[in-house]
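Secondary and tertiary structure notes
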Amino acid sequence: FNIINASYAATAVNASQYPEGGLSEIAFIGRSNVGKSSLINSLCRQNGLARTSRTPGKTQTINYFRLTGKLPDESRLEFMLVDLPGYGYAKRAQTARSTWSKFIEEYWLKSTRLKLVCQLIDIRHPPMESDINVYQWLVEHGLNVQVVTTKADKITKGRIQQHIQVIAKGINMPQLSQDGRIITYSAVNGAGRDELLDVIRNILLK
Ligand code: GDP
């Protein structure tokens with residue numbers, strides 16, 4: 001499964017601006033600077049699609065990209081990649097609710113086509129309180145969450161497993177689903193890309 005086309009589709013700040021068309025949605029969320037834009041660009045193999053290093057405090061929007069994936073039998077699969085604003089600018093502890101604005105909560109609750117949320121966490125550090133709150137909130141609301149650790153090229157291979165354990169424990173991921181559930185990604189060398197695309201394909205074909 002590979003992405004053969006990706007293009008900007010829409011920007012929304014409320015439900016009336018959600019694009020029509022009924023495509024399944026795969027959303028991406030994470031602390032600002034986690035590497036979300038880099039991961040999206042790497043996934044789509046298109047630099048500049050998602051803007052990297054957004055200025056903190058800049059207007060927050062939901063950005064939709066229309067992607068076309070090609071299956072081994074040459075058939076096509078279209079879906080929406082949804083780029084949600086980064087969270088965690090504020091220094092003090094945050095509950096999930098205060099972590100994102102009203103319109104993000106509206107997105108979670110109203111987007112019936114949302115199939116999977118990829119929550120990005122920097123592999124180098126234990127999860128922050130905002131990461132934990134967001135993960136727990138998503139799980140409690142019955143959303144399908146795929147945790148993806150970013151910037152894997154920044155630590156040595158031998159330490160990756162250890163860091164993943166710390167993150168899985170830190171966000172309180174259920175023991176049962178820990179094995180092989182966290183994807184390790186590097187936008188620099190493409191590690192984890194095939195794995196993440198497989199997860200996305202499986203969800204879309206379900
Ligand atoms: P965003 O704010 O979550 O969209 O994060 P960006 O994609 O803008 O990345 C933040 C910073 O981390 C930038 O300086 C990127 O170059 C860097 N970065 C992102 N992903 C990776 C990665 O996989 N490896 C390395 N080494 N740096 C990365």
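Residues numbered from 1 in each chain as written. Predicted model: local features only at pLDDT ≥ 70, side-chain atom pairs only at ≥ 80, totals over all residues.

A closer look at the pairing of strand 5 (residues 114-122)
Convention followed: Residues are called buried when their C-beta atom has 20 or more other C-beta atoms within 10 Å, exposed when it has 12 or fewer, and partly exposed otherwise; all C-beta atoms are positioned from the backbone. Numbering of helices and strands starts at the N terminus; helices are DSSP runs of H or I of at least 4 residues and strands are runs of E of at least 2. Pairing between strands is defined by DSSP: at least two bridges between the two strands are required.
Across the nine residues that make up strand 5, a large majority, seven, are buried. Of the pairings in the sheet, the one linking strand 2 (residues 25-30) to strand 5 comprises six bridges and is parallel in character. Counted as the bridge partner of Ala27 is Val117 from strand 5. In this sheet, strand 6 (residues 145-150) lies alongside strand 5 in parallel orientation, the contact comprising six bridges. By the bridge assignment, Val117 is partnered in strand 6 with Val145.

Here we look at the sheet that holds strand 5
Stated formally: A residue pair is marked as a contact if its C-beta atoms, positioned from the backbone, fall within 7 Å. Every axis corresponds to a line fitted to the C-alpha atoms, with the helix fit spanning only the stretch in contact, and the corresponding angles, defined between N-to-C directions, vary from 0 to 180 degrees.
What the seven strands build is an open sheet, ordered 1-3-4-2-5-6-7; its pairing is mixed. Strands with a single pairing partner mark the edges of an open sheet, and in this sheet they are strand 1 (2-12) and strand 7 (183-184). Two strands pair when backbone bridges link them, and strand 3 (residues 62-70) and strand 4 (residues 76-83) are joined in this way by eight bridges, in the antiparallel orientation. Pairing of Tyr64 across the sheet is with Val82, part of strand 4. The sheet contacts of helix 6 (residues 193-205) involve strand 1, strand 2, strand 3, strand 4, strand 5, strand 6 and strand 7, and relative to strand 5 the element is tilted by about 160°.

As for unusual backbone geometry
Phi at Asn33 is positive, roughly 80°, even though this residue is not glycine. Within the secondary structure layout, Asn33 lies in the loop between strand 2 and helix 1 (36-44). Among the residues examined, Asn33 registers 16 C-beta atoms within 10 Å and is labelled partly exposed. Despite not being glycine, Lys151 has its phi angle at roughly 60°, a positive value. Residue placement: Lys151 occurs in the loop between strand 6 and helix 5 (157-170).

Remarks on the nonpolar core
The condition that has to hold: Only buried residues count toward a nonpolar core: Ala, Val, Leu, Ile, Met, Phe, Trp, Tyr and Cys, linked into one set through C-beta atoms within 7 Å.
One finds Ile26, Ala27, Phe28, Leu81, Val82 and Cys118 to be the most contacted residues of the largest nonpolar core, which totals 45 residues. Element by element, the count of residues in this core is highest for strand 5, at five residues. Those residues in contact with Phe28 that lie beyond four places of it in its chain are Lys36, Ile40, Leu81, Val82, Asp83, Leu84, Cys118 and Leu120.

Description of helix 4 (residues 129-140)
How we decide: In this analysis, the expected span of each helix is defined as 1.5 Å times one less than the number of residues it contains.
Taking 1.5 Å of rise per residue, 12 residues should cover 16 Å, and helix 4 covers 16 Å from first to last C-alpha, within 8% of that figure. Within the sequence span of helix 4, burial applies to Ser130, Asp131, Asn133, Val134 and Tyr135. Among the residues trailing helix 4, Gly142 stands out with phi positive, at a value near 75°.

Quick notes on the confidence of the model for the protein chain
How we decide: Across the chain, each position has a pLDDT score giving the predictor's confidence in that residue, from 0 to 100.
When pLDDT is averaged along the protein chain, the result is 89, and 87% of the positions lie at 70 or above. Scored by ipTM, the complex comes to 0.99, with pTM at 0.93.

Points about the pairing of strand 3
For strand 1 and strand 3, the ladder comprises nine bridges, and the chain directions are antiparallel. Directly across from Thr11, in strand 3, lies its bridge partner Asn63. Between strand 3 and strand 4, which pair antiparallel one after the other, the connecting turn spans five residues, and Glu74 there sits at a positive phi close to 75°.

Things to note about helix 1
Among the nine residues of helix 1, seven are classified as buried, and the element is accordingly described as predominantly covered. At its buried positions, helix 1 is contacted by strand 1, strand 2, strand 4, strand 5, strand 6 and helix 6. Positive phi appears at Arg45, one or two residues downstream of helix 1, with a value of about 50°.

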